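Commentary on secondary and tertiary structure
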Amino acid sequence: MKNWVYRHNGKVFIDLIPGVFFSSLVIDMITADRKTDPPVAQHIFWAGTEGVVAAVLLLGGGLSALQTAAIATGLPFALVLVLMIFSLNRALAQDHPALLTD
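Along each chain, residue indices are assigned from 1 in the same order as the chain's sequence is written. Whole-chain, interface and lining totals are the exception, using all residues; otherwise, since this is a predicted model, local features are given only for residues with pLDDT of at least 70 and side-chain atom pairs are given and counted only at 80 or more. Excluding hydrogens and water, the side-chain figures rest on all heavy atoms present in the structure.

The next point concerns the overall build of the protein chain. Of the regular secondary structure elements, the protein chain holds 3 helices and 0 strands. Only DSSP runs of H or I with at least four residues qualify as helices, and only runs of E with at least two residues qualify as strands; both kinds are numbered from the N terminus onward. Going from the N terminus to the C terminus, the protein chain shows its helices and strands as α-α-α. Burial here depends on accessible area, computed with a 1.4 Å probe over protein chains only, as a share of the maximum for the residue type. Under 20% is buried, over 50% is exposed, and the range in between is partly exposed. When burial is assessed residue by residue, the protein chain has 7% of its 102 residues classed as buried. By definition, residues are in contact when any of their heavy atoms lie within 4.5 Å. Considering only residue pairs separated by 6 or more positions, the protein chain has 9% of its internal contacts joining residues 24 or more positions apart. For the protein chain, the exposed area adds up to about 8,500 Å²; of that, 73% sits on carbon and sulfur atoms. In this description, accessible areas are obtained by the Shrake-Rupley approach with a 1.4 Å probe, and a residue is regarded as covered only by the protein chains that are shown.

Quick look at helix α3 (residues 40-95) now. A helix is expected to span 1.5 Å for every residue after the first. The terminal C-alpha atoms of α3 lie 46 Å apart, and with 56 residues this falls more than 12% below the ideal 82 Å at 1.5 Å per residue. Bending of α3 peaks at approximately 130° at the position of G61. In this analysis the local bend is the angle between axes fitted, respectively, to the seven residues ending at and the seven residues starting at the residue.

What follows is the structure, given as structure tokens:
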């Protein structure tokens, strides 16, 4: 796996930079009280924080630690989405009973 990363460093960085930029921009907008143009210093802070956390996870436990952290972070959101599915189904059943077929 390391040989692949070394040979394709340019491709890896080209793929990662927009993802880091836009994810830190979303965090910026949320923490800047929903402003669409957050301060540049705040954007640099969040992008740097994301990079430091990823680097620490990769250096500390390798790719498996990074994957475990991503799954542990995303699992609560997945559970919330499942609950939202049931809530939407229940709301639709109350508002429009003809939509559900038994």
